[in-house]
Structure formats: C-alpha cells, structure tokens
Amino acid sequence: MSRWVIKGIRTGIVTTRYPEKKEETPGTSPGLPEQVTGIAPENRETESRCPTGALSREKNRLNLRQERCIHCFRCSRGTENPIPWKNGFEWAEIRNPEAVVPASLRHSLHIRVVDAGDCGACLNEIKLLNNPYYNMHRLGFFITPTPRQADILLVAGPVAEHMKTPLLKAYEAMPAPKRVMAVGACALNGGVFGPGFVTGSGVADILPVDIEIPGCPPPPLAILHGLCLIAGQLKNEPNAATGTRKGEK
Amino acid sequence: MPGIETLLIGTLSLYTAGIAAAFLLPKEKTPVLPALFGGTGSLLLLFTGIKSFLPPETFHAALWTVPGIGTLTVSIDTLSAFFLVVTAIAAIPASVFAATRLKQTRWQHPEVAAALYLGLLISLTIVIIASHVFLFLIAWESMSIIIYLLISSDNNERPGYLMLSIGEAGTLAITAAFLLLSANTGSLSFAIIKTGAASLGPGVQWAVFLLVFFGFSVKGGLIPLNFWMPGAYTAAPAAFIPLIAGATLNMALYGIIRVTGSLLPIPHAGPGIIMLIVGSATALIGILYATIEDDFKTLLAHSSIENAGIIIAALGAGSVFLAKGHLAAASIAFAAALYHLLNHSVFKTLLFMGAGAVEDKTGTRSLDRMGGLLKHMPWTGLFVLIGALSIAAMPPFNGFVSEWLTLQALLRSVELSSPGIKLAFVAAGVGLTLTAGLAVTCFVRAFAMGFLGMSRSDSASAAKETGKPALLSMAGLAVFCLALGILPTYVIPALNKTIRPLTGASATTALVPGFFRPQGKLPEAFVNDFHKLGAQIGKNSMPGRGLAVLHRGGTKNPVVFAMSTFYMFITLIILLGLTAGLVRLFAGRRRKIRQPRWDGGVRKLLPEMTYTATGFAHPVRVIFESILRPKVVERKDTIAEHFRVTIRQKRNEIHLIDRMVLNPLDSAAHRIARTLAKMHNGRINTYAGYALLALIVFLAIASII
Amino acid sequence: MNIQEIAAEIQSRWNNEIKLSTIAGTLECRCHREHLVPLCGWLFNRLNCHFAGLTAEELPDRWNLDYLFTPAGESGIIRINTAAPLKERNFPSISIAVHAADWHEREAEDLFGLTFEGHPRLGDFILHDDAWQEGVEPMRENFSAADVLSGRNPKPDWRPRRILKAPGAFIMPVGPVFSGEAESVHFQLETIGEEVLRAFPRLFFKYRGVEKLAEGRSVDNGLLLAERFAGSTAFSHALAFSMAIEKLSGEEVPPRAEVLRVFMAELERLRHHLGVIEGICSSTGLAVGTGQCAILEEEALRISGALTGHRYLFGLCIPGGLSRDFDKTALKSAAERATDIVRRMNSIEKLLINTSSFLDRLEEVGAVTEKQAHDFGLAGPVARASGYSCDTRKQLPYGAYRNFDFDSPHEREGDGYARLRLFFAEVRESGRIMEQAAEKLPPGKTAVPCNPDAGTAISTAETPRGATWHRIRIGTDGKIKRYRLITPSFANWHGFHIAAENFAFQDFPIILATFGLSVAENDR
Ligand code: SF4
C-alpha cells in the first residue's frame, strides 16, 4: 500500500486551476467554428457542408448555432473556404435563470447522471470529471448513485425510447428544487439520431431543461463550466479570467 | 377481596363448568366457552395469584387421603403464586383468542376442543399448586396428554407422537427423581421432602438433579431434547398455541425451580454450571435456527427454545452464585430469570396470536410469501411489531430489561474466585450476547419480511385485518410488553417476594437502590466509595426509579451499571414529540410530496424483485455454515449446452440436534433391531441354543457372586 | 482448413446442392433453407469456424439472410446465403448448433418479424415486451424511421423470465439507472441472498435504431452514424464504414492515409484500454490506481485532441482516407508521448500485480473457457484472454497492418486477471505500432474522392473491443439501403452471463469492468 501512497505523492498535483485560471492545454477541447463575416451571399458551399444545420446565414455573415454543432470539421476541412476555428469551452447556457443555486449551497451539489442513450463519449467525459486533472470534488460537485440526494440531473443522449421511463422516474425521485442539465448535442436536440422512431429530439422533449451544454461530446471543462454556472460559482458573462466569450445564440 | 381458597375454588369450578357446558350446550355455542369460562376463570386465577403474594404466607390445603399414597395436598407459596400470575396473564387473552379461532376454523368437534382447552387450564393450575408428588405427576401427565390431543387434532400425527414419546421419557425421569427423593425422605409430600432433602448424600442429590433436569428439559425445550418442539408448535392449532407456548413451557421451568431451588437446593456449583452452559448453548442454537427459518410459527418455536435457554442460563448463574454464597448476585440472577420468564410468556403469547392471525388471513405461514401486510393488517402489524421489539430486547420494551439483567448478572461472575467457573460464565456470556444480536436480526427479519415491502404472493396482497376480539387480546399483551418494560422497578419488588425464600436475600436492595429515589438512604460506606470516584450519589438524584447492578471488583473500585427504561421511554417520547413539533413548525404548511421508492428506474418494480425472508437470512446461513452444514443440491438444465433453462437449488439443513443426536440414535436403534431380528430366525433349535446360552451365563454369574 | 479446402469439402458433402463461389477471399455459399442448419453446424462445430454474425435483409422480392463465418486460424470469410419469398417468414434456427447465432436470430425476429423455428427463446429482446406491443417490426421496408410510434400497448402482466428455482429465490434488479455514471443497462441478478447464481443483462435501453436511421441516408450522413453510435471507439467504426464504401467505389486509399489510419486506430485502442484498466481499478476500490490510470487516459485523450482536433477522433476518418493531413514531427511527438504513457503504465502495472488485495479480487473471477469463447462467438480482448484467437488485424489484415510488426497477445486462464494482463499487453503493442507508423509515414495524399457504386460490401476492422463487421448496401441512388452493424460488444454481452454465474454480489462490478463492455455499441 505504501508504494501506492508514494506513487500518488510523486505524481504531484496535475489538477487544472480552472475556473480561477484559464486552461489552454492543447487537447482539452475540440473547440468550435467561429462566426465569420464577409462571405459572398451566393457562396453557400460551406454551410451546405454542415450536416446538422449548425451554420446559418444572415446576409454575408455565417452564424453558428453552437448547440447543433457536432465537431465534424466538415466546414473547416476539405473545403475551399474553411471556417476559422476557435478554442475554448465555455459554451454552457442557462435556460432557466431561477435554477441557479443560492449562494449558501453552491459549494455542495450532488449530481445524478442519467445515460439516456448516449454513445459513450459524453459519459466518458463526465466520468473524467472525477479525474485528477479535473477533480470536480474540489469545487463541491459530487456524483451520487441515487437521485434521492441529487440536486442536478445530468442527462446525456437523445433520450432513447426505452430510457424515457427511467429518466422520468429518476427526475420524479429527485427532491425539489430539481435542476436538469442536458449534456451534449444529442441531449440538446437529438444530435445525429433524433428525432426518430425510437429517439427523441433531446431532453427538453420530456423534462424542463435548466442548463444546456453543447458539444459532441462536451469536454470535461465545458461540463465543469456548466456546473459552475448552475451553481452560481461563475457568472453567465464573458469570463475575464479565461478571456473566452460564450457562443451567440 | 375473598380468600384465596374461595378464589381458587371459583377458578377451578369455572373451568370445570366450562367443560360440562361444552358437552351440554349445542355445538354452535361451544366455541365461546374458552373465552367465557376460561377467561373469567383465569381472571380469578390472577386474583388468586396476586392475593397469595400479598400476605406472604403459604396457603395450604389438604384435599383427600388416598390409601397407600398419603394425603394429597395443595399449597401456594410465593413461587407458585408467581407462576399462577404468569399463567393467568397469558391465559386471559389466550382464552379470548382461542374462542375467536375456534369460531372461525371449522372443527369437527369444537366441544371436545373447548373441553380439552379448559382441561389444560385445570391441569396447569394443579401442576402449580400441587404440593404432593402424586398429585403433581397426575397433573403433569394430564397436561402432556391434553397437549398431545390438541396438537394431534390435525391430520399430521408425527409431531404429536414425537412430543408424547419423548415427553413420556421425561415424565419417567421426573417420576424416578421424585421416587428417589421420597424413598430417602420417606414421604411424597413436598413439605416433608423439603425438610429432609438437606440431609441427602451428594450421590442422591446429583442423581435427583440430573433426572429432574433431564425430565423437565424435555418440556422446556433445552438441547438436546428439543427436537420435538418446532414440529409440535407448528402443528398446533392457532387457537391453542398461544397458551401452549406462553404457559406450558413455563411449567418445565417451574419444575426445575421447584426442585432445584426450593425442594433440594444443592450446595455446590456443579448443577448451576450445567444449567448455565446448557442454557446458553440452547439459546444460541435456538435463535440461530429461528433466524434462518421461513415458517413464521416454526420460527417462533425456535425462539421459544432460545428464550428457555436464556432463562435456564440465568437460573444456572443464580444457583452458582447461591452455592458460592453470593446471595445478592444470586438474587439478581434469579430476578433476571423470573423476569424473563414473565416477559417471554407475554410476548410469545402475543407473537403466536399475531402469527395465527396472519396465517388465518393469508393462508400461509411462509415469510417468503408474505410481505406488505402492514397495509392490510395495520393493527396486527403494530402488535406484532411491539412483540418483535420486545423479544428482540429493544428498549423501552420488556425483553430489554430482562436480557440486560441476565447479562449483568453474568458479569458479576468477576466476584467468583474459581477460574473454571469464571470461564464457564465467560463462555455463557459470549453465547448469550451473540444470541441477543441474532435475536435482533431474527425479528427485524420476521417483521420486515412479513409486514413491510411488497406483497410477495396474491394471498398476502388480499389479506384483511383480523377480528376485534383477537386484536383486543393482542392489544392487552402489547400493553403488558410496554408496562413491564418501563416499570421494572415496580415489578422487581414483587418478584422479590418469590426470590427471597429461594436465595435468602433481597433482589430489590441489590437492583433498585434507593439513590434513584429522591430520599434515598444508602449506607455511609457505600456512598463514600462512590464519592471517591467522583460520583455524586444521593445528592442530585432525579425523581423516578431505575435499575442498577453493582459490581464491586474490590472495595476500592466499585462499578455500577445503572439503567432506567422509564427515563429512556420519557426521553424517547420527548425526542419524538420534539421532532414532530419541529417538523410541524418548520414544514407544517409546506406541501408534502410522497414519492415511490427509487428502484433504479426499472419500468415496474415487481414483488419478485424484492428481498425474500430466505434471502435476508442468507448471510447468517453463510456465516454459520459450519454449524448448519447445509447439503446443497444444484441442478442446471440447459438446451443445447448453452441455453440455460433452469437452475434448481435446494438447501437441506438437518437440524444440529437431529444430525448429532437423533439420527445416530435412530440408526443405532435400527442396527440393534436388525441384529435382534437376525437372532429371531424362527428355528426352534436356535431358540433352544439361546436358552442354553442364557443358562450358562446365569450360572457363571451366580458362581462368581 | 483454408477456404479452398472448405469449398471442396462442402462440395463433396452436399453433392453440389450448395452453390459456391469465391470472390476475393470470400467463400460464398448459397443454400436452401434446409441445408442451413447442417452446413452451419458443420462449419461451427467440426471445423471450429468463428461465427461472426447474421444479417437479415428485406429485398423487394425476398428475404435475404447472410451468415458470416471465418475459418479457424486461416484467412478468409465464409458467407452462407439463404433466401425465401417475402410471404414466408419461417427460417430454421441455427442457434441450437451455433449458439453464437442466438442473439442474432433474436434480433432479426424482433426487428423483422421473422421466425426462427427451433429457437428456444424468442421475443422480448430489442423491443422490450413491457414497453411495446407485439407486431412492431421497425426494420421492415414499409416502416418509416421518421414515424414516431404511438398507441403503445405493452403487455401489462409482463414478468421477467426467471430460471432460478429455489426456495426464497428472488431477483436483485440493478439499473437501468445505477452506479455513478454507468451506461444504461438493466441486470437481473438471480439470487437467494448474497450469492448470485446468475446475472442476466437486459439490454437495448439505449436502442436508437441506428441501422434503420441509416437507411435512405447519404454516405456522408451514414458516416456520422457509424462514428457516433459508439463514441468511445468512433475511429474504428468510421474506419470499417469507410472501408466498405471504398470497396464499393473501387478506390485505393493512399498509403499515407493507410498508415495514418493505423496510427489513429492504435491511439484509440491505447486510450480505450487505459479507460478499461481504470475501470477495473475503480471496481476493486483501488483509489490511487484509479487516479493514476485516469491521468494516463486523460493524457491519451489530450494527445488525440491536440493532434487531430477531437479528443475522440470524430470527423477524422472519411471514405477515401482521412479528413486532414498530419505533420510528421507532430505525429512523432504524439507517438513519443504515447510511449511515455506506456512506460508509466508499465510502472503502474508493476505496482498492481504486487498489490495482493487487488489481485485476490480478480483471480478466478468471471472465468471464460476457450470453448465457451468459441461457442458464444466472443470477440476481442475478452476472447483472447481465454486463448481464443480472433484478431482481425492478423487474420484478415486490412489497410497497412500487413506491414507492421506487432503481436496479438493471448492469455489462457480467461479470468478477470487474464483479461487485465491482456489489456496491458495490448496497450504496449499499440504503443509499438504507433512508433512504427510515425517512423514509416510515407509521403503523398491523405484522401481520394470516393463515390460508391450500387452494391453490397462487407468490411471488418478490429476495434479496441474486438472485430466489428459493417455490411452496407448502396442503392442506385447512391443512398444507403441497408446498413448492418455487427459489433464486438454484442457478442461479448451475449457471453457475459457465463462469467457472471455463481459469484458473490460484491464481485459483480469487477466482472463487469474486466469485460470492458460498451452498451452503446451493443444497443446501436
Ligand atoms: S463542425 Fe460540423 S456540425 Fe459543426 S458547424 Fe462545422 S460542419 Fe456544422
């Protein structure tokens, strides 16, 4: 056992300082396409490459609906007019401002994760929140096995038909106030799957969503950002520390 | 109040009138007789007992003289009085309950059943008050036979035969013991035996003790003679089992106390040690089998064995203390034993009523097939819960007091000097502590699996509340459970009247010391001892009473274990009230939401997805595998090697006693029979040869002598 | 026996009643339904062929069923094809002879409404009987994937199938929402207390109908599904999908792209296995070990993210090559960082195998024999840990794997510890392959345009969890007509219960973790 202790101490602290300090280590986030202007109105090649309709045109400006983007890179690779890419991960958006946790409770929140048909990537990123690199416990977030003690229901996946009942039951089993967090493009709008005969078009179909985290999958930092927002540990404003700006809607 | 004699005659004539009425009245009327005559008779019996307590004089009456045997006498000393009270406390509600059952179940001959029941009451009374060997044995024997008849009225005859045959062996041993006593003292009267017994030689004393202990153990359910009990108790009709379990078990204990405590107190520690070890082993084995049992009634039968074990262990401890001259400690141990005996009668009668009501309403005794009964039978559930909490020794109920006292009494063994005896006490203490722990598991399981959760069978989900009279009799006993639990300081002085003649010391001074009372008066030296420790005895004591057990390791370091269930109860009430009040205060006007259990999101939680009683007890099974020695038979059926169709598993647990005592005896008997059968080959020459052989052997012996 | 010998033997045994043809290493046997069971049984039980999967298909005029086998220890594919008119729905079940086909037949029964005669257990599989009415056949042509089904009418008296007959037996239900962040799956643990006699997984809570959704989609959109139905092994599945499309288009993938693909596939394997090892550590409650492995996993993800832009390699593999090129130095440094991860993992392994409290919980837990691995058609590390060799990279080498020097590690015992050792060994091999790939990266293009012709193609690739088979039929309009996904998790979930019999309840998470299963990959 002692060898494990030594190993642990030797490893030192690897944990990110986010949200106090900005985190820009390469590979922590896939990033998103940037909003571009100055594209000729008749040049519709780039936006037509987007399989999810995340790019929308407003005269000569190409807007990004970040909740639809699945990082397929089709708008930036293999095209004449690649869209510039921007790093960052602070994509989360609060849908219901009343759900933000009051100040006295924001440093202890319990999360029940429900996999409503995700592909495994979102869930892996959620699992990584416990990773020494991210260590969400330091911010007072804990994953709990029972919704009975959960403050936040974190849902990933497009809500497969068979998961509807379990998801609703988990929601019902939560104590009020219940907060629902939809994680990943699938949970936001069905992603590449929904709506279909056995998939919905996201969590909002059946539950009131309080906060949305775009991304396919959203990297751990993006989920952490969302958690900090709903916990009131961060304000829903351009973050001075990280210098990143939240996506337009 | 009328005199004891009047009361006693009243009691017995009511019982007898009931029997007469059973045969005179039409069949439809007879089921109420137990309640009518048994109940009122038992009420008179209660008064008889109480009255005999009041002036501590012995009621004595000569009945009639039988030529060659002497004058048959009855007498009520405080020991008898105590047992009369216990019997009456169990018999009053049991009679009402018996009437309700007799009415509901279809009996071929309800009048016979009612008459037998009343006959049982008579024989119980006479066993207690008989003070003549002949009368005692007659009453004892008729009690056995009536129980046999009551049990065998079912179509399953084996348990009854088993009980009767082993019971007869017991009666034989008891008879032999009494004959030995009377042969040595020259009389069949208890009074004369008692005065003459002290002069008996140690050999005779030992022989009498062993015979008596063996004889009464059979009825008392001590190992290794209790193998008949689970079967018989399970087979017994629900109408009578509360009385059988609540009152007749006590008769065995009465017998043991009467002989070893009153008639022939043996002045050395040996018998006490035997009782201590046998008692604690019985308790442990009893509760172990109760914990894994699925049949509710069989479970209760195993638990009766356990409780008999506890009582015998306490009695054993008491007689060791007595033999060693530690009179106060002996009084505590006897108080513990008698208290537990009383408690056991109360809660076991209650639990058997509950089991009967449940069986009646669900048609099953299997805990695996119950579940969720609290919704359907809330009152029965409440009373069974109180019974279960009491028997599991949970404060503030009565079981707690007596088990606490028993363990405390065992702890006083530090005062003894012999290391061997101390070792026995430690072993017994460990056994009884484990027993207490398992008892909690056992009855948490019994109640939870029966009354909580989801109904695991259709009959359980269709159950209805049982009738009012049955509920009323359970309620009465439940009240007793609580009262005996929170008012031990009033019960022990009463018990003391029985104990003092046995030990020659008072349990009250040892157990209910004055310093729990405001104007306590304690010996100066005693108080000083405690003041050295920093204890403020006698100064800031609170009003009210509690129990204390004092351990004087030496004069310098006295240790006191004190406990007040009354305060515990008050505190509990206050805490509960406070919590309820706070909840009301802060959340009273909030909306309350009741939500179903969290089941992991399954579409529908089905009853088969919840723990069964067998599953709940499985860890205990695994831990005690070396004692239980299960034979697991498993068969896996598949189609085409890989499609699993069924896995059948059966676990056969042959009871330890059956495995180690009964079955070897059984096979030995068979072997002997076979050998004998070989000798009986039917040829005349062989028989002639045997005769010759016998003659030679006889002559040889004669010539040697 | 290799493909030719098998063909000759079939010819002599079945007297030319089975039509044979060999195309590019694939032996195609067209047979009538009546020969199906003897032929498949012979291949599976006598020749020990590996059963890869069954594809059912509704063509305009007939049912078309393809049974895929691979010969034991030899290269090649055997495709048994049988057909029947649409109005006939009964096929003989081969599951009695070929147990590995059990779930495949149940799936076809559930989704197409076919009946497999002689199958002992049909129904309540993908579409749960307690959620759907009978008669829904979503994979049929006339069923539209855009329809949202209404009018549910499930059986109200549905009861789980129980096979444990013992006094006091009950089901311990686990899930579908359980543990901390587990994938949704429901387990019925049949038990009489602490010991579980059988654990039966109830899957498809996450059924998203990927095969149906793909129908009518363009190849590009189909790729998105292939990549994202099982995100933790996205690259391998995108690769298999792309290879099938490439077969149909006849395009040669540029060698640079082939080597890069190997690099990425191995990076994915390395990252996936580290995650599994982390899961095994955490299932035994070894906190420091879990943390150490988690650090490595995150670093592998960061390597992927920094190198390709996406932590899970999404959007990288496209039919015809890769969506972007890589700098050789970047690749080299990524390979170096991966080697560093392997080195650190080796030191963790040394610590782990010296931690007896950890090993005690793995050894002899959840054992699977080699025969069981074959009979259940297990795939990937789980099969190889039982000594059953089934590495597509070796048996049906695709892409650039032929040119690489690597081992496919094996173990014999088949218990949890053997699987753990295997995961470690495979990570080391992946590191070696990545080094070689970075070293020998040829120059050239990374992609060619790829337009598939109408037709059917089968491709296979070794995902981190084992072999996957993608069978794609493209219509004349260039759209996907039928997309069949045979995944390793499907095979391994089928065999999971053999490892989960007669165990103590607390061993359950450990058995589960050592299997390294994905529910998303199984449920599709
Ligand atoms: S990355 Fe893909 S999904 Fe996102 S905007 Fe570009 S094309 Fe659309």
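See the structure printed just above.
The structure presented is a predicted model; accordingly, all values stated were derived computationally and were not measured. (Residues numbered from 1 in each chain as written. Chains lettered and ligands numbered in written order. Predicted model: local features only at pLDDT ≥ 70, side-chain atom pairs only at ≥ 80, totals over all residues. Heavy atoms only, no water.)

*Asks:* Can you help me understand the overall build of chain A in this one?
*Replies:* Each helix and strand counted, chain A has six helices and eleven strands in total. Expected size for 249 residues packed as a compact globule is a radius of gyration near 18 Å; at 19 Å, chain A falls within 12% of this value. The principal-axis extents of the C-alpha atoms in chain A amount to approximately 65 × 45 × 35 Å. Counting the 249 residues in chain A, one finds 60% classified as buried. Partitioning the intrachain contacts of chain A with sequence separation of at least 6 by distance along the chain shows that 77% fall at a separation of at least 24. Approximately 9700 Å² of chain A is accessible, and the part contributed by carbon and sulfur atoms is 52%. (Helix = DSSP H or I, 4+ residues; strand = E, 2+ residues; numbered from the N terminus. Rg over C-alpha atoms; globule rule 2.2 N^0.38 Å. Buried < 20%, exposed > 50% of the residue type's maximum accessible area, 1.4 Å probe, protein only. Contact = heavy atoms within 4.5 Å. Areas by Shrake-Rupley, 256 points an atom, 1.4 Å probe, with all protein chains shown as cover.)

*Asks:* Please clarify how a nonpolar patch on the surface should be interpreted in this entry.
*Replies:* Residue and element names in this part refer to chain B. Together, Leu487, Tyr490, Phe566, Ile570, Ile574, Leu578, Leu582, Leu585 and Phe586 line one region of the surface with nonpolar side chains, adding up to about 900 Å² of accessible area. Looking at which element gives the most residues to the nonpolar patch, the answer is helix α23 (residues 565-587), with seven residues. Along the chain, Phe566 falls in helix α23. On the basis of relative accessible area, Phe566 is assigned to the partly exposed category, the value being 31%. (Patch = residues over 30% accessible without salt bridge, like charges linked within 9 Å, V, L, I, M, F, W, Y side chains within 5 Å. Salt bridge = Lys/Arg side-chain N within 4 Å of Asp/Glu carboxyl O.)

*Asks:* What is the right way to read the interface of chain C and chain A from this model?
*Replies:* Frequently, the measure chosen for interface size is the accessible area removed from exposure when the parts meet. The interface of chain C with chain A comprises 77 residues on the first partner and 58 residues on the second. When the buried surface of chain C facing chain A is broken down by residue, C:Glu181, C:Arg228 and C:Arg302 rank first, second and third, together holding 14% of it. Scanning the region where chain C abuts chain A turns up five salt bridges. Its salt-bridge partner being C:Lys206, residue A:Asp118 comes within 3.2 Å of it at the nearest N-O pair. For the pair chain C and chain A, the number of links is 28 residue pairs in polar contact (both at pLDDT 80 or more). When residues of the side of chain C that touches chain A are traced back to their parent elements, those giving at least two are α4 (210-214), α5 (219-228), α7 (255-283), α8 (287-308) and α9 (328-353) of chain C. Among the residues making up the side of chain C that touches chain A, the classes are represented as 36 nonpolar, 23 polar and 18 charged. (Buried area = accessible area lost by both parts, 1.4 Å probe. Polar contact = N/O pair within 3.5 Å; in protein donor to acceptor, adjacent residues only side chain to side chain. Nonpolar A, V, L, I, M, F, W, Y, C, P; charged D, E, K, R; others polar.)

*Asks:* So what exactly am I meant to see when it comes to the packing of helix α4 (residues 110-129) of chain B against helix α10 (residues 241-263) of chain B here?
*Replies:* Helices that pack against each other are described as a pair by the angle of their axes relative to one another and the distance between those axes. All names here are of chain B. One can describe the packing of α4 onto α10 by two numbers: an axis separation of 11 Å at closest approach and a directional angle of 25°. Taken together, α4 and α10 sit at an angle that is classed as roughly parallel. The way α4 lies across α10 gives a crossing that is left-handed. Note on element contacts: α10 touches α4 through Leu243, Ile244, Ala247, Thr248, Met251 and Tyr254, opposite Tyr117, Leu120, Leu121, Leu124, Val127 and Ile128. Tallied by class, the residues present in the contact of α4 with α10 amount to eleven nonpolar, one polar and no charged. (Axes fitted to C-alpha atoms, helices over the stretch in contact; angles between N-to-C directions. Parallel < 35°, antiparallel > 145°, perpendicular 65-115°, else oblique. Left-handed = near helix turned anticlockwise from the far one by under 90°.)

*Asks:* I tried to follow the packing of aromatic side chains on my own but got confused; where do I start?
*Replies:* Working definition: an aromatic ring pair is given by the centre-to-centre distance plus the angle between the planes. Following the criterion strictly, the structure yields 43 aromatic pairs over all chains and no others. Considering the side-chain rings of C:Trp63 and C:Phe112, the 6.1 Å spacing of their centres and the 85° angle between planes classify their relative orientation as edge-to-face. Within this pair, whereas C:Trp63 is found in strand β4 (residues 62-70), its partner C:Phe112 is found in helix α3 (residues 102-112), the two being separated by 49 residues in sequence. By relative accessible area, C:Phe112 is classed as buried at 4%. Among the aromatic residues, those joined into a cluster by ring pairs are C:Phe178, C:Phe187, C:Trp493, C:Phe496, C:Phe503, C:Phe508 and C:Phe515. If you follow C:Arg161 out to its NZ or CZ, it ends over the ring of C:Phe200, 5.8 Å from the centre. We note C:Arg302 situated over the ring of A:Tyr133; from NZ or CZ to the ring centre the distance is 4.2 Å. (Phe/Tyr/Trp six-rings, centres within 6.5 Å; stacked < 30°, edge-to-face > 60°. Lys NZ or Arg CZ within 6 Å of the ring centre and 35° of its normal.)

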